[in-house]
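Structural overview for review
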Amino acid sequence: MPTPVPYYITTPIYYVNDRPHIGHCYTTLVADCAARFQRLAGRDVFFLTGTDEHAEKVVDSAKAHDMTPLQWADRNAAAFKDAFKLFNCSNNDFVRTTEPRHKEKVEAYVRKLQSTGDIYLGDYEGWYDPSQEEYVTETTARESNFKSPVTGRDLVKRTEKNYFFRLSKYQDALKKYIESNEGFLRPEARRNEVLGRLRTPEGLQDIPVSRAVDASDPRSAWGILMPNDPSHRIYVWIDALFNYLSVVDTNDRRKYWPANVHAIGKDILWFHAVIWPCLLMALGEQLPGCVYAHSYWIREGRKMSKSLGNFLDLETLKAYAEWAPNKEGIPLGIDALRWYLLTQGPLGATDADFAHNKFVEVYNADLANGIGNAASRVSNMIEKYFEGKCPQGNPAESSPMHSSAGSLLSHSGDAFQSLSIDGAYARVIAFTREIDTYITETSPFKLAKDLANMPRVGAILYNCAEAIRIAAVLLSPAMPTKMADLLTRLGQESPRPDGSFSKPLSELCTWGGLKPGTPITKGPALFPRAEADAAPPSAA
Ligand code: MSP
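Throughout this description, residue numbers start from 1 for each chain and increase along the sequence as written. Restriction of local features to residues with pLDDT of at least 70 applies here, the model being predicted, together with a cutoff of 80 or more for giving and counting side-chain atom pairs; totals for whole chains, interfaces and linings are based on all residues. In computing side-chain values, all of the structure's heavy atoms are included and hydrogens and water are not.

Let's talk about the sheet that holds strand β12 (residues 261-265)
A strand pair is defined by DSSP finding two or more bridges across the two strands. Helix and strand definitions follow DSSP, with helices as H or I runs of at least four residues and strands as E runs of at least two, each counted in order from the N terminus. The six strands are arranged β3-β2-β1-β12-β13-β7 in an open sheet whose pairing can be described as parallel. Each edge of the open sheet carries a strand with a single partner, namely β3 (93-96) and β7 (185-186). Here two bridges tie strand β1 (residues 6-15) to β12, and the two strands are oriented parallel to one another. If you follow T10 over to β12, its bridge partner there is H262. Along the sheet, helix α3 (residues 69-86) contacts β1, β2 (44-52) and β3; its crossing angle with β3, the most-contacted strand, is approximately 155 degrees. Here, two residues are considered to be in contact whenever any of their heavy atoms come within 4.5 Å of each other. Axis geometry follows a simple rule: fit a line to the C-alpha atoms, using only the stretch in contact for helices, then measure angles between N-to-C directions, giving values from 0 to 180 degrees.

Written out as structure tokens, the structure is:
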């Protein structure tokens, strides 16, 4: 067996001050689906998510809740872990920036950059956004009327003695790198945005990477102190970016660096597309394969915001998973939600809408009437005409699915490589629709009225069951629980909890894998149809 090729995918590490919401769950879900697909494809996957805990806000909120900052962080980090568990995410690790394993590495990286002169002590004067804990450029400050471009609160003029990172030194190298590596920044619109900013005459300025510790302000000491100078604390963003490296900077995990994909939202593009690669160049590390910045979820056509109070929070998402809009009272399950988010989400450069009616529509079209209906029709007929045993196939009995199956695998591989999860699944759904059309056109239920036709009926149903098996394998990274159920009904190996299978993907997707005689069971409806007039879930 050849050694599997490593694949490393990360998500942003989330601020522990917020409660998890759709935005956080979405990025982690995208990474989960990609990680599961790569495990299915035989790669040695490392999937990392976690929490960013050294923000000043943590100290304030902890105080308001009568807790220490660490107690507050513990509580909220646990909420993120629970959220990702609810979504059945298969992350291999969960990093918290307050952990010693991370802090020690950050100190070592900063010490190295101090010794090479890439981090130096200087004076900084600028417009600071206290609500976001970041400086904004003079241009941004002026354009936003000296208000925070994110929260609208006042900016303040600050002067401090600071340590700086020599970002300016890496501008040319970074520009060249982005220009010559087309896939490094995705999607294209985000790449153009960054290149546009890098090409302005203003260029890159050195950036402050520390904050002075003020003995009278407990917030200023919360974080990692500057090596060799405890009167400064490392700026939270620099501390946070290093997580991608610190977690795999160990003997057994070094093989995962450089990361293949940093999945992020468009709000934090600049840190990941510019500052992070320059820090890596300064450290002499290889750059990640791709920074993928998706767009935003909005809700029922409106931007989600704290002031509107319309964030899709975890309670609402949970209510969707538990929602049972059918006569049978069967909950839709987390896979229905995973499916909607993964296929209708804001991958690419446009925002996506979480609209209740659309959720129902997509569920019914793709799952209830799509793969669910095909699976139930085929297993029904196999039960009825062949005593629940997979009939004999016949190579002479052609089907459109057989011709599509080969290209389906290579298309999925390419699409996942560029994180086009929606693109990959659009093809798989088209494939499952072919099964329905094929059944209607060949009408095995009519043919079965004449016993002499049974070999042909068997061959037709074999083609259908085989197509469902292949679709279930490819759909398993998106809907691991439902597809494990479906594969078990087809008498097949189901994916392991991390999404991998014991057989290689090429073998799993080769036409003819289903052995005649295999017991095929019908079971209850996999995706019961959602009644259009069912009341929306109560938390929604
Ligand atoms: N802690 C920083 C990231 C440091 S990474 C080294 C941070 N955290 S955050 O908690 O604010 O999470 C930001 C991320 O949440 C975004 O990049 C995106 O992945 C996700 N989303 C937040 N709101 C979102 C939407 N409305 N829609 C989709 N995703 C969004 O920034």
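Looking at the packing of aromatic side chains
Stacked, edge-to-face and tilted labels apply to pairs of Phe, Tyr and Trp rings (six-membered ring for Trp) whose centres lie within 6.5 Å, assigned for plane angles under 30 degrees, over 60, and everything in between, in that order. The full count for this structure, using the stated rule, is 33 aromatic pairs. Between Y8 and F46, the ring centres sit 5.6 Å apart and the planes meet at 55 degrees, which makes this aromatic pair tilted. In this pair, Y8 is assigned in strand β1 and F46 in strand β2, connecting sequence segments 38 residues apart. For the pair formed by Y8 and F46, the shared burial category is buried. When the ring of Y8 is compared with that of W257, the centres are 6.2 Å apart and the planes differ by 65 degrees; the resulting orientation is edge-to-face. One end of the pair, Y8, is in strand β1; the other, W257, is in the loop between α9 (243-246) and β12, and 249 residues separate them in sequence. Judged by relative accessible area, which is 7%, W257 ranks as buried. Burial classes: relative accessible area under 20% of the type maximum marks a residue as buried, over 50% as exposed, and values in between as partly exposed (1.4 Å probe, protein chains only).

Side note on the site of the ligand
Think of it this way: one heavy atom of a residue within 4 Å of a molecule or strand is enough to make that residue near it. I13, T27, D52, D267 and W297 are the nearest of the 22 residues found near the ligand. Taking D52, its side chain carries an N or O atom lying 2.7 Å from a nitrogen atom of the ligand. One of the side-chain nitrogen or oxygen atoms of D267 is found 2.9 Å away from an oxygen atom of the ligand. We get accessible surface area from the Shrake-Rupley algorithm with a probe of 1.4 Å; when it comes to residues, only the shown protein chains can shield them. Against a free-state accessible area of 670 Å², the protein chains account for coverage of 94% of the ligand. Every element with two or more residues in the shell around the ligand is listed here: β1, α1 (22-40) and α8 (236-241). The biggest single contributor to the shell around the ligand is β1, with four residues. Ten residue types, Ala, Val, Leu, Ile, Met, Phe, Trp, Tyr, Cys and Pro, are classed as nonpolar, four, Asp, Glu, Lys and Arg, as charged, and the remainder, Gly among them, as polar. Grouping the amino acids of the shell around the ligand by side-chain chemistry returns twelve nonpolar, eight polar and two charged. Counted as a polar contact is a pair of N or O atoms within 3.5 Å, where, for protein atoms, one must be capable of donating a hydrogen and the other of accepting one, and residues adjacent in sequence contribute only when both atoms are in side chains.

A few points about helix α14 (residues 400-417)
Every helix has an expected span of 1.5 Å times one less than the residues it contains. Over its 18 residues, α14 runs 26 Å from end to end, which matches the ideal 26 Å to within 8%, given 1.5 Å per residue. Bend is the name given here to the angle between axes fitted to two runs of seven residues, the run ending at a residue and the run starting at it. Considering bend angle alone, the principal kink of α14 is centred on G406 and spans about 35 degrees. Along α14, the positions that sit buried rather than exposed are M401, S404, A405, L408, S412, A415 and F416. The secondary structure elements touched by the buried residues of α14 are α1, α15 (421-442) and α17 (454-475). Backbone geometry just downstream of α14 places L419 in the positive-phi region, at approximately 60 degrees.

As for the environment of S148
As for its placement among the helices and strands, S148 is situated in the loop between α5 (138-143) and β6 (156-165). You can call S148 buried: its relative accessible area is 4%. Taking the C-alpha atoms as reference points, S148 and S131, separated by 17 residues in sequence, lie 7.5 Å from one another. Leaving out residues up to four positions away in the same chain, S148 has contacts with D129, S131, Q132, R153 and L155. Only 3.1 Å separates the side chain of S148 from the backbone nitrogen of V150, close enough to count as a polar contact.

A closer look at the nonpolar core
Remark: nonpolar core denotes a set of buried residues (Ala, Val, Leu, Ile, Met, Phe, Trp, Tyr, Cys) joined through side-chain atoms within 4.5 Å. Grouped together as the largest cluster of nonpolar side chains are 106 residues, with contacts concentrated most on L341 and F354. A total of 15 residues in this core trace back to one element, the largest contributor, which is α17. Apart from the residues within four sequence positions on either side, F354 is in contact with I22, W297, I298, R299, E300, L312, Y320, L337, Y340, L341 and F359.

Quick look at unusual backbone geometry
Cis peptide bonds are those with omega within 30 degrees of zero, and the linkage from R186 to P187 qualifies with -10 degrees. Along the chain, P187 falls in the loop between β7 and α7 (188-198). With an omega of 0 degrees, the peptide bond between W257 and P258 qualifies as cis. Here P258 lies in the loop between α9 and β12. Residues other than glycine seldom take positive phi values, yet L419 does so here, at roughly 60 degrees. On the basis of relative accessible area, L419 is assigned to the buried category, the value being 2%. Positive phi, close to 45 degrees, is recorded for S443, a residue that is not glycine. By the element assignment, S443 lies in the loop between α15 and α16 (444-447).

Focus: the state of the cysteines
Two cysteine sulfurs form a disulfide in these notes if their separation is within 2.5 Å. Counted according to the given criterion, the structure contains zero disulfides. Here C25 is not cross-linked by a disulfide; its sulfur's nearest cysteine counterpart is in C89, at 7.5 Å.

Digging into the pairing of strand β11 (residues 229-234)
Bridge count between strand β9 (residues 210-212) and β11: three bridges; the pairing is antiparallel. Across the sheet, residue S210 finds its bridge partner in β11, namely I234. One ladder, built from two bridges, connects strand β10 (residues 225-226) with β11; its direction is antiparallel. Bridging from a neighbouring strand, L225 pairs with R233 of β11. Taking the residues between adjacent antiparallel strands as the criterion, β10 and β11 are bridged by two residues, where N228 takes a positive phi near 70 degrees.

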